[in-house]
Amino acid sequence: MNEIVQYYNDLASTYDQDRFDNSYGNFIDSQERKILDKLLIDKKGQILDLACGTGRLLNYASIGVDASAQMIAVAKRKFPEKTFLQNEADAILLADNSIDTIISFHFFMHLDPNKIDQVLEESNRILKKEGRIIFDIPSRKRRNLLGYKKANWHGASSLSIADVKSDPNFIIKRTYGLLFFPIHRFPDLCRKFLLPLDSFLANSFLKEYSSYLIIELEKK
Ligand SMILES: C[S@@+](CC[C@H](N)C(=O)[O-])C[C@H]1O[C@@H](n2cnc3c(N)ncnc32)[C@H](O)[C@@H]1O
(Lines give C-alpha, C1' and ligand atoms only; values in the text may rest on other atoms or scores of the structure.)
Protein backbone atom coordinates (compact mmCIF):
# COMPACT_ATOMS: atom_id res chain seq x y z
CA MET A 1 0.00 0.00 0.00
CA ASN A 2 1.34 3.44 -0.83
CA GLU A 3 2.37 5.92 1.86
CA ILE A 4 -0.50 8.34 1.16
CA VAL A 5 -3.19 5.67 1.45
CA GLN A 6 -1.60 4.30 4.64
CA TYR A 7 -1.63 7.85 6.07
CA TYR A 8 -5.36 8.23 5.34
CA ASN A 9 -6.18 4.75 6.61
CA ASP A 10 -4.63 5.77 9.93
CA LEU A 11 -6.34 9.17 9.97
CA ALA A 12 -9.82 8.00 8.89
CA SER A 13 -11.52 7.90 12.30
CA THR A 14 -10.47 11.47 13.18
CA TYR A 15 -10.26 13.04 9.68
CA ASP A 16 -13.56 14.96 9.78
CA GLN A 17 -12.89 16.46 13.19
CA ASP A 18 -9.21 17.07 12.52
CA ARG A 19 -9.63 18.80 9.15
CA PHE A 20 -13.06 20.36 9.13
CA ASP A 21 -14.18 20.97 12.71
CA ASN A 22 -12.32 24.31 12.88
CA SER A 23 -12.66 27.78 11.35
CA TYR A 24 -10.20 27.10 8.50
CA GLY A 25 -11.89 23.82 7.56
CA ASN A 26 -15.32 25.46 7.75
CA PHE A 27 -14.22 28.31 5.56
CA ILE A 28 -12.72 26.06 2.87
CA ASP A 29 -15.68 23.68 2.96
CA SER A 30 -18.22 26.48 2.57
CA GLN A 31 -16.31 28.18 -0.26
CA GLU A 32 -15.90 24.90 -2.15
CA ARG A 33 -19.59 24.15 -1.75
CA LYS A 34 -20.55 27.59 -3.14
CA ILE A 35 -18.57 26.80 -6.29
CA LEU A 36 -19.85 23.21 -6.56
CA ASP A 37 -23.43 24.44 -6.12
CA LYS A 38 -22.89 26.69 -9.14
CA LEU A 39 -21.15 24.05 -11.27
CA LEU A 40 -23.50 21.18 -10.39
CA ILE A 41 -26.71 23.15 -10.41
CA ASP A 42 -28.53 20.58 -12.57
CA LYS A 43 -26.84 17.50 -10.93
CA LYS A 44 -27.21 15.79 -14.32
CA GLY A 45 -26.27 12.10 -14.85
CA GLN A 46 -23.73 10.00 -12.95
CA ILE A 47 -21.48 12.03 -10.66
CA LEU A 48 -18.41 10.37 -9.17
CA ASP A 49 -16.44 11.71 -6.20
CA LEU A 50 -12.81 10.69 -6.85
CA ALA A 51 -10.79 10.25 -3.64
CA CYS A 52 -14.07 10.74 -1.79
CA GLY A 53 -12.43 10.14 1.59
CA THR A 54 -14.95 10.16 4.43
CA GLY A 55 -17.62 11.48 2.08
CA ARG A 56 -17.36 15.21 2.84
CA LEU A 57 -18.71 16.07 -0.64
CA LEU A 58 -20.59 12.85 -1.40
CA ASN A 59 -23.94 14.62 -1.19
CA TYR A 60 -23.09 15.82 -4.73
CA ALA A 61 -22.29 12.34 -6.11
CA SER A 62 -23.75 8.86 -6.42
CA ILE A 63 -20.42 6.97 -6.59
CA GLY A 64 -17.41 7.34 -4.29
CA VAL A 65 -13.96 6.05 -5.27
CA ASP A 66 -11.07 5.93 -2.82
CA ALA A 67 -8.03 3.71 -2.28
CA SER A 68 -8.37 3.73 1.52
CA ALA A 69 -10.64 1.07 3.03
CA GLN A 70 -10.84 3.00 6.30
CA MET A 71 -11.85 6.30 4.70
CA ILE A 72 -14.53 4.46 2.69
CA ALA A 73 -15.79 2.74 5.85
CA VAL A 74 -16.49 6.16 7.43
CA ALA A 75 -18.14 7.43 4.22
CA LYS A 76 -20.33 4.30 4.01
CA ARG A 77 -21.70 4.94 7.49
CA LYS A 78 -22.80 8.43 6.39
CA PHE A 79 -24.07 7.43 2.94
CA PRO A 80 -25.13 3.75 3.00
CA GLU A 81 -27.18 4.27 -0.18
CA LYS A 82 -24.18 5.28 -2.36
CA THR A 83 -21.95 3.01 -4.44
CA PHE A 84 -18.32 2.73 -3.29
CA LEU A 85 -15.27 1.42 -5.14
CA GLN A 86 -12.04 0.87 -3.27
CA ASN A 87 -9.80 1.60 -6.25
CA GLU A 88 -6.63 3.44 -7.12
CA ALA A 89 -7.57 6.64 -8.94
CA ASP A 90 -5.62 5.59 -12.02
CA ALA A 91 -7.27 2.13 -12.19
CA ILE A 92 -11.00 2.57 -11.62
CA LEU A 93 -13.26 -0.45 -12.15
CA LEU A 94 -15.76 1.37 -14.32
CA ALA A 95 -16.50 1.11 -18.03
CA ASP A 96 -15.23 3.56 -20.63
CA ASN A 97 -17.48 6.58 -21.26
CA SER A 98 -19.77 5.80 -18.30
CA ILE A 99 -19.57 8.90 -16.07
CA ASP A 100 -20.95 12.42 -16.64
CA THR A 101 -19.03 14.37 -13.99
CA ILE A 102 -16.08 13.70 -11.69
CA ILE A 103 -15.40 15.88 -8.66
CA SER A 104 -12.09 15.50 -6.85
CA PHE A 105 -11.09 17.67 -3.91
CA HIS A 106 -7.97 17.81 -1.73
CA PHE A 107 -6.47 15.00 -3.77
CA PHE A 108 -4.41 16.19 -6.77
CA MET A 109 -2.31 18.26 -4.37
CA HIS A 110 -0.84 15.04 -2.95
CA LEU A 111 0.16 13.52 -6.31
CA ASP A 112 3.39 13.91 -8.22
CA PRO A 113 3.08 15.28 -11.78
CA ASN A 114 3.22 11.82 -13.43
CA LYS A 115 0.45 10.53 -11.21
CA ILE A 116 -1.69 13.61 -11.94
CA ASP A 117 -1.31 12.81 -15.67
CA GLN A 118 -2.29 9.16 -15.06
CA VAL A 119 -5.34 10.16 -13.02
CA LEU A 120 -6.43 12.62 -15.73
CA GLU A 121 -5.89 9.88 -18.33
CA GLU A 122 -8.10 7.49 -16.33
CA SER A 123 -10.71 10.22 -15.83
CA ASN A 124 -10.71 10.78 -19.57
CA ARG A 125 -11.32 7.05 -20.10
CA ILE A 126 -14.35 6.78 -17.81
CA LEU A 127 -15.92 10.14 -18.71
CA LYS A 128 -18.50 10.45 -21.47
CA LYS A 129 -17.74 12.88 -24.29
CA GLU A 130 -18.20 16.42 -22.95
CA GLY A 131 -18.13 14.96 -19.42
CA ARG A 132 -16.44 17.14 -16.82
CA ILE A 133 -13.87 16.82 -14.11
CA ILE A 134 -13.85 19.48 -11.40
CA PHE A 135 -10.85 19.49 -9.07
CA ASP A 136 -8.86 21.78 -6.81
CA ILE A 137 -5.11 22.28 -6.74
CA PRO A 138 -2.78 24.77 -5.02
CA SER A 139 -1.90 27.61 -7.37
CA ARG A 140 1.64 27.32 -8.73
CA LYS A 141 1.95 31.10 -9.36
CA ARG A 142 1.14 31.87 -5.73
CA ARG A 143 3.61 29.26 -4.51
CA ASN A 144 6.34 30.56 -6.83
CA LEU A 145 5.73 34.07 -5.52
CA LEU A 146 5.99 32.95 -1.90
CA GLY A 147 8.98 30.65 -2.54
CA TYR A 148 7.15 27.49 -1.36
CA LYS A 149 9.46 24.56 -0.62
CA LYS A 150 7.93 21.09 -0.41
CA ALA A 151 8.67 19.05 2.72
CA ASN A 152 7.02 15.74 1.68
CA TRP A 153 4.08 14.57 -0.44
CA HIS A 154 1.47 16.29 1.73
CA GLY A 155 -0.14 19.05 -0.36
CA ALA A 156 3.12 19.34 -2.29
CA SER A 157 1.82 19.65 -5.86
CA SER A 158 0.61 22.78 -7.58
CA LEU A 159 -0.42 23.74 -11.12
CA SER A 160 -0.94 26.89 -13.14
CA ILE A 161 -3.84 27.31 -15.54
CA ALA A 162 -1.32 27.18 -18.41
CA ASP A 163 -0.08 23.74 -17.21
CA VAL A 164 -3.61 22.37 -17.38
CA LYS A 165 -4.27 23.95 -20.80
CA SER A 166 -1.70 21.65 -22.39
CA ASP A 167 -3.70 18.46 -21.56
CA PRO A 168 -4.62 16.96 -24.95
CA ASN A 169 -7.89 15.37 -23.77
CA PHE A 170 -9.63 18.29 -22.08
CA ILE A 171 -10.54 21.91 -22.57
CA ILE A 172 -10.73 24.31 -19.64
CA LYS A 173 -14.33 25.46 -19.11
CA ARG A 174 -14.18 27.58 -15.93
CA THR A 175 -11.62 28.37 -13.25
CA TYR A 176 -12.05 29.88 -9.80
CA GLY A 177 -9.63 31.15 -7.21
CA LEU A 178 -10.01 30.32 -3.54
CA LEU A 179 -8.51 31.92 -0.44
CA PHE A 180 -6.68 35.06 -1.52
CA PHE A 181 -6.03 36.24 2.04
CA PRO A 182 -5.21 33.71 4.77
CA ILE A 183 -8.69 34.45 6.15
CA HIS A 184 -8.43 31.79 8.82
CA ARG A 185 -5.58 33.72 10.44
CA PHE A 186 -7.71 36.85 10.93
CA PRO A 187 -9.89 37.30 14.03
CA ASP A 188 -13.52 36.27 13.54
CA LEU A 189 -14.66 39.89 13.72
CA CYS A 190 -12.61 40.93 10.65
CA ARG A 191 -13.57 37.97 8.52
CA LYS A 192 -17.01 39.04 7.46
CA PHE A 193 -15.54 42.32 6.15
CA LEU A 194 -12.68 40.57 4.39
CA LEU A 195 -14.71 37.79 2.77
CA PRO A 196 -16.32 39.83 -0.03
CA LEU A 197 -12.94 41.39 -0.88
CA ASP A 198 -11.32 37.94 -0.75
CA SER A 199 -13.89 36.49 -3.18
CA PHE A 200 -13.52 39.51 -5.46
CA LEU A 201 -9.70 39.29 -5.64
CA ALA A 202 -9.70 35.47 -5.88
CA ASN A 203 -11.79 35.76 -9.02
CA SER A 204 -10.22 38.86 -10.57
CA PHE A 205 -7.16 39.07 -12.85
CA LEU A 206 -5.22 38.12 -9.69
CA LYS A 207 -6.99 34.73 -9.54
CA GLU A 208 -3.80 32.70 -9.90
CA TYR A 209 -2.38 34.40 -6.82
CA SER A 210 -5.08 32.78 -4.67
CA SER A 211 -4.01 29.81 -2.55
CA TYR A 212 -6.07 27.33 -4.57
CA LEU A 213 -7.55 27.02 -8.03
CA ILE A 214 -10.73 25.11 -8.77
CA ILE A 215 -10.66 23.94 -12.36
CA GLU A 216 -13.50 22.58 -14.49
CA LEU A 217 -12.31 20.58 -17.51
CA GLU A 218 -14.50 19.20 -20.28
CA LYS A 219 -13.59 16.06 -22.21
CA LYS A 220 -13.02 16.83 -25.90
C1 LIG B 1 -7.38 14.79 1.86
S2 LIG B 1 -8.35 13.37 1.55
C3 LIG B 1 -9.66 14.13 0.63
C4 LIG B 1 -10.98 13.50 0.89
C5 LIG B 1 -12.19 14.26 0.29
N6 LIG B 1 -12.10 14.38 -1.15
C7 LIG B 1 -12.31 15.63 0.92
O8 LIG B 1 -12.17 16.63 0.20
O9 LIG B 1 -12.55 15.71 2.13
C10 LIG B 1 -7.44 12.53 0.28
C11 LIG B 1 -8.05 11.19 -0.09
O12 LIG B 1 -7.33 10.65 -1.21
C13 LIG B 1 -7.30 9.23 -1.06
N14 LIG B 1 -6.22 8.72 -1.92
C15 LIG B 1 -4.89 8.90 -1.78
N16 LIG B 1 -4.22 8.30 -2.78
C17 LIG B 1 -5.16 7.73 -3.58
C18 LIG B 1 -5.10 7.00 -4.80
N19 LIG B 1 -3.93 6.72 -5.38
N20 LIG B 1 -6.24 6.57 -5.34
C21 LIG B 1 -7.45 6.84 -4.76
N22 LIG B 1 -7.57 7.54 -3.60
C23 LIG B 1 -6.44 7.98 -3.03
C24 LIG B 1 -7.04 9.05 0.41
O25 LIG B 1 -7.37 7.76 0.83
C26 LIG B 1 -7.94 10.13 1.01
O27 LIG B 1 -9.22 9.63 1.29
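Residues numbered from 1 in each chain as written. Predicted model: local features only at pLDDT ≥ 70, side-chain atom pairs only at ≥ 80, totals over all residues. Heavy atoms only, no water.

Chemist: Tell me about the pattern of salt bridges, residues and numbers included.
Modeler: Counting across every chain of the model gives 15 salt bridges. With its nearest N and O atoms 3.1 Å apart, the salt bridge here joins Arg33 to Asp29. One end of the pair is Arg33 and the other is Asp29, both in helix H3 (residues 23-39) and four residues apart, which spans about a single turn. Residue classification places Asp29 among the buried positions, given a relative accessible area of 17%. For the salt bridge of Glu216 with Arg132, the shortest nitrogen-to-oxygen distance reads 2.7 Å. A residue pair is termed long-range when its members are at least 10 positions apart, and Glu216 in strand E7 (residues 212-219) and Arg132 in strand E5 (residues 127-138) qualify at 84 residues. Per residue, the accessibility class of Glu216 equals that of Arg132, and both read buried. Here the salt bridges share partners, and the residues they tie into one network are Asp29, Glu32, Arg33 and Arg56. (Salt bridge = Lys/Arg side-chain N within 4 Å of Asp/Glu carboxyl O. Helix = DSSP H or I, 4+ residues; strand = E, 2+ residues; numbered from the N terminus. Buried < 20%, exposed > 50% of the residue type's maximum accessible area, 1.4 Å probe, protein only.)

Chemist: Mind laying out the nonpolar core, listing which residues take part and the relevant values?
Modeler: The nonpolar side chains of a soluble globular protein tend to be buried with one another. Leu36, Ile103 and Ile134 are the most contacted members of the largest nonpolar core, which has 31 residues in total. Elements that contribute at least two residues to this core include exactly H3, helix H4 (69-78), strand E6 (170-178), helix H8 (188-202) and E7. Sort the elements by how many residues they give to this core and H3 lands first, with five residues. Those residues in contact with Leu36, other than ones at most four positions away along the chain, are Leu57, Tyr60, Ile103, Phe105 and Ile134. (Core = buried A, V, L, I, M, F, W, Y, C linked by side-chain atoms within 4.5 Å. Contact = heavy atoms within 4.5 Å.)

Chemist: Hey, could you go over the site of the ligand for me, with residue numbers and the actual values?
Modeler: Surrounding the ligand, one finds 21 residues, the nearest of these being Tyr15, Ala51, Asp66, Glu88 and Phe105. Within the backbone of Ala89, one N or O atom sits 2.9 Å away from a nitrogen atom of the ligand. Compared with its free state, where it exposes 600 Å², the ligand has 98% of that area covered by protein. For the shell around the ligand, the secondary-structure elements that each account for two or more residues are helix H1 (3-11) and helix H2 (15-20). Examining the composition of the shell around the ligand, we find that three residues originate from one element, H1, more than from any other. For the shell around the ligand, the per-class residue count stands at 12 nonpolar, five polar and four charged. (Near = heavy atom within 4 Å. Polar contact = N/O pair within 3.5 Å; in protein donor to acceptor, adjacent residues only side chain to side chain. Areas by Shrake-Rupley, 256 points an atom, 1.4 Å probe, with all protein chains shown as cover. Nonpolar A, V, L, I, M, F, W, Y, C, P; charged D, E, K, R; others polar.)

Chemist: Before we move on, can you summarise the pairing of strand E1 (residues 47-50) with the specific residues and values?
Modeler: Along any regular strand the residues' side chains alternate between the sheet's two faces. Every second residue of E1 is oriented toward a common face, with Ile47 and Asp49 on one face and Leu48 and Leu50 on the other, all of them buried. Across three bridges, E1 lies against strand E4 (residues 99-104) in parallel orientation. Residue pairing across strands places Asp49 opposite Ile103, the latter belonging to E4. Alignment of E1 against strand E2 (residues 63-66), held across three bridges, turns out to be parallel. Each residue of the ladder has a partner; that of Leu50, found in E2, is Val65. (Pairing = 2+ DSSP bridges.)

Chemist: Before we move on, can you summarise unusual backbone geometry with the specific residues and values?
Modeler: What you tend to see is this: most non-glycine residues have negative phi, and most peptide bonds are trans. Even without glycine at this site, Ala51 takes up a positive phi of about 65°. With respect to the element layout, Ala51 can be found in the loop between E1 and E2. One non-glycine residue with positive phi stands out, namely Glu130, at about 70°. Within the secondary structure, Glu130 sits in strand E5.

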